[in-house]
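Analysis of the macromolecular model
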Amino acid sequence: MARLFDAYIIAKWTAAEGKKFGEQTLWIGVAKRDVRFRLYTETHNVGTRAEGEALLESLLAEHRKRGDRVLVGFDFDFGFPAGTSALLKLEGRPWDAMGKFLSSNVVDKADNTNNRYQVAAKMNRLMTDQPWPFLGAPASQAQRWLTSTKPPEGSGSDIPEYRLTEQAARQLKLPAHSVWQMHGAGAIGGLTLVGVPMLRRLLDKLGTSAAIWPFGTGWRELGEDDVAPLSALVVEVWPAMFKATRQVSAEGVKEFKTQAEVRAAAEAIAIMDDEGKLQKSFAPPASATPEMIDKVENEEGWILGINS
């Protein structure tokens, strides 16, 4: 069985303020093959999201010139729990409507200064006129519609805490977090707010040479015919799913934990492709209902490799 992709790029994004390097910053891992088709990896650490976006564009342009097909994975939520778009009274396909909303509201400057807490507060105001469902903010960012403490028990209980993919991950005993959490260990909310607009810009620049799974491909097994017209397929990943052992270079320098995660994830997905297992990872679990498939394809998205 032929491989679907020639290279695999995994990015751990960041919502950080200010330019930072090292642990828990923006890392990009690339797995590709040399002239003898042997797999090797490289990692890149950049200080800002703007620099990360530019690096991704450069890497993808390089592979496109070579005629390569690339799988590109990001570690933030591509979608929100079903019903979010409706609560915001947005029109159109929920995933697309949410992307347009965030792109028009999120301000993310070249120095990493951004307004993610203000956008979360605005979304709370529009959805519930209360400080939820987004919750948890540093004391300096707390305000009327976004507090640093949890809302009263039962508040916002009619709004799903997790997407279907996080629910599936938690059933597998994986510590999936809710997109509504803005601050603290494992928080994904702010990362998603700054990540989705970047993702839309990237897709706009790539045009018809790229597709996003599952929104643009359907939630189904993908084969050679599906990816043949593409230079890039963009997917949501969770690098921590893949076992990462920090390597030590010949000079005795040990990898950062985040660096090891993007490298290991890129390598693991490349090996899945080599073994012919990647195709089925794009398909829903056998238990998926038509309603579930509709939610995933049009609003929520799915993490590659969960329950597959």
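As a convention, each chain's residues are numbered from 1 in the sequence order in which they are written. Local features in this predicted model are restricted to residues of pLDDT 70 or higher, and side-chain atom pairs are both shown and tallied only at a pLDDT of 80 or more, whereas totals for entire chains, interfaces and linings draw on every residue. Values shown for side chains rest on all heavy atoms present in the structure; no hydrogens or waters enter the calculation.

**Some thoughts on the side chain of Asn 105**
- The helix and strand labels rest on DSSP assignments: H or I over at least four residues marks a helix, E over at least two residues marks a strand, and numbering proceeds from the N terminus. Along the chain, Asn 105 turns up in helix α3 (residues 94-105).
- Here a polar contact is recorded for every N or O atom pair within 3.5 Å, except that within protein the pair must consist of a potential hydrogen donor and a potential acceptor, and residues adjacent in sequence are included only if both atoms are side-chain atoms. Among the polar contacts listed, one links the side chain of Asn 105 to the backbone oxygen of Phe 101, at a separation of 2.8 Å.
- Whether two residues are in contact is decided by their heavy atoms: any pair within 4.5 Å suffices. With sequence-adjacent residues up to four places away left out, Asn 105 is seen in contact with Asn 115, Val 119 and Lys 122.

**Structural notes on the pairing of strand β3 (residues 39-46)**
- Alignment of strand β2 (residues 26-33) against β3, held across 8 bridges, turns out to be antiparallel. Considered in β3, the bridge of Ala 31 is made with Thr 41.
- Two strands make a pair as long as DSSP finds a minimum of two bridges between them. Remark: 5 residues form the turn of the hairpin made by β2 and β3, two consecutive strands paired antiparallel; Phe 37 in that turn has positive phi of roughly 65°.

**Focus: the packing of aromatic side chains**
- Geometry of aromatic contacts follows a simple scheme: Phe, Tyr and Trp rings, the Trp one being its six-membered ring, pair when their centres are within 6.5 Å, and the pair is stacked under 30 degrees between planes, edge-to-face over 60, tilted otherwise. For the coordinates displayed, the defined rule picks out 10 aromatic pairs.
- Note on Trp 27 and Phe 256: the rings are 5.8 Å apart at their centroids and 45° apart in plane angle, and the pair reads as tilted. In this pair, Trp 27 sits in strand β2 while Phe 256 sits in the loop between β6 (232-236) and α8 (257-274), placing the two residues 229 residues apart along the sequence.
- Seen from their ring centres, Phe 74 and Phe 76 are 5.5 Å apart, and the 35° between their planes marks the pair as tilted.

**Looking at the layout of surface pockets**
- For cavity detection a 1 Å grid was placed over the protein atoms alone, and a set of points counts as a cavity when a 1.4 Å probe fits there but cannot get out; an open set counts as a pocket when protein lies on both sides within 12 Å along at least five of seven lines, with lining residues being those that have an atom within 4 Å of a point. Grid points are joined across faces, edges and corners, and a volume is the space filled by probe spheres set on the points. Considering only enclosed or pocket space, the largest pocket measures out at about 930 Å³ in volume.
- Around the largest pocket, the lining comprises 36 residues; the ones closest to its centre are Gln 24, Gly 186, Ala 187, Ile 188 and Leu 191.
- Put simply, the parts of the chain that give the lining of the largest pocket at least two residues each are α4 (116-127), α6 (189-206) and α8.
- Looking at the lining of the largest pocket element by element, the count peaks at 3 residues for α8.
- Three classes are used, and their members are as follows: Ala, Val, Leu, Ile, Met, Phe, Trp, Tyr, Cys and Pro are nonpolar, Asp, Glu, Lys and Arg are charged, and the others, Gly among them, are polar. Considered class by class, the residues forming the lining of the largest pocket number 17 nonpolar, 9 polar and 10 charged.
- The space that makes up the second largest pocket amounts to roughly 510 Å³.
- Around the second largest pocket sit 22 residues that line it, and Pro 133, Leu 135, Lys 150, Pro 151 and Glu 161 are the ones nearest its centre.
- Residue composition of the lining of the second largest pocket, grouped by class: 11 nonpolar, 7 polar and 4 charged.

**Concerning the pairing of strand β1 (residues 7-12)**
- Within β1, 6 of the 6 residues are buried, which leaves the element mostly enclosed by the surrounding structure.
- Each residue is placed in one exposure class: buried if its accessible area under a 1.4 Å probe, protein chains only, is under 20% of its type's maximum, exposed if it is over 50%, and partly exposed if it falls in between. Residue alternation in β1 divides its side chains into two sets, Ala 7, Ile 9 and Ala 11 and Tyr 8, Ile 10 and Lys 12, and both sets are buried.
- When β1 meets β2, the two strands line up antiparallel, connected through 6 bridges. The residue bridging Lys 12 from the neighbouring strand is Trp 27, located in β2.
- Where β1 lies against strand β4 (residues 70-74), 5 bridges are found, and the strand directions are parallel.

**Overview of the packing of α3 against α6**
- Helix axes are fitted only over the stretch in contact, all axes being lines through C-alpha atoms; the angle between N-to-C directions runs from 0 to 180 degrees. Relative to each other, α3 and α6 sit at 105°, their axes nearing to 9 Å. Classed by the angle they form, the pair α3 and α6 counts as roughly perpendicular. From α3, Trp 95, Asp 96, Gly 99, Lys 100, Leu 102 and Ser 103 reach across to α6, where they touch Leu 193, Val 196, Pro 197, Arg 200 and Leu 203.
- Taken together, the residues of the contact of α3 with α6 break down into 6 nonpolar, 2 polar and 3 charged. Our angle categories are set so that under 35 degrees counts as roughly parallel, over 145 as roughly antiparallel, 65 to 115 as roughly perpendicular, and the remainder as oblique.

**Quick word on the sheet that holds strand β5 (residues 210-212)**
- If you trace the 6 strands from one edge of the open sheet to the other, you get β3-β2-β1-β4-β6-β5, paired in mixed fashion. Two strands in the sheet have a free side with no partner beyond their single neighbour: β3 and β5. Between one strand and the next, the sheet's axes are offset by a mean angle of 15°, whatever the strand orientation.
- Inspection of the sheet shows β5 paired to β6 by 3 bridges, in the parallel sense. Paired with Ile 212 across the strands is Val 234, a residue of β6.
- α8 rests against β1, β2, β3 and β4 of the sheet, and its axis sits at about 30° to β2.

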